[in-house]
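# Report on the structure
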Amino acid sequence: MSTVSLDTMDFSHLEQVLPIEQETFPSAWSLGLFVTEVANPLADWFVALDGDEVLGYAGIQQVADVGHVLNIAVRDGSRDRGTGSMLMRKLLDAARVRRILSVTLE
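Residues numbered from 1 in each chain as written. Predicted model: local features only at pLDDT ≥ 70, side-chain atom pairs only at ≥ 80, totals over all residues. Heavy atoms only, no water.

### Some details on the overall build of the protein chain
- When helices and strands are tallied, the protein chain shows three helices and five strands.
- By the compact-globule yardstick of 13 Å for 106 residues, the protein chain fits well, its C-alpha radius of gyration being 13 Å.
- Its C-alpha atoms put the protein chain at 40 × 30 × 25 Å along the principal axes.
- Taking all 106 residues of the protein chain together, 40% fall into the buried category. (Helix = DSSP H or I, 4+ residues; strand = E, 2+ residues; numbered from the N terminus. Rg over C-alpha atoms; globule rule 2.2 N^0.38 Å. Buried < 20%, exposed > 50% of the residue type's maximum accessible area, 1.4 Å probe, protein only.)

### Focus: the environment of Asp 76
- Residue placement: Asp 76 occurs in the loop between strand 4 (66-74) and helix 3 (83-97).
- Sequence separation of Asp 76 and Met 86 is ten residues, and the distance between their C-alpha atoms is 16 Å.

### A few points about unusual backbone geometry
- The backbone of Ala 64 shows a phi angle near 60°, a positive value even though the residue is not glycine.
- When you line up the elements, Ala 64 lands in the loop between strand 3 (53-63) and strand 4.
- Using a relative accessible area of 65% as the deciding quantity, one classes Ala 64 as exposed.
- Residues other than glycine seldom take positive phi values, yet Arg 99 does so here, at roughly 60°.
- Assignment of secondary structure puts Arg 99 in the loop between helix 3 and strand 5 (102-105).
- For Arg 99, a relative accessible area of 70% puts it in the exposed group.

Take a look at the structure:
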């Protein structure tokens, strides 16, 4: 039985994040955009992992007292198992730590 864990996204995850991005969104983010956003000190990015396999990812950016959910996606075949909900709760936890008052979906 697999156990999904959440971790902070880093550059090493991007090789697995990009295919999820491309299968999920018609206007997929580029590697360069992900690199910029993962390095952004006003953003928090997380991955959902099954061992070393990235099942999904999500990011939120702070602009004043508002959090903008920049991106959230779960790998096809891993959807409808609560992974997206776990990631969204993690984003909201990160927003609370940053004292964000409201959250929007970009």
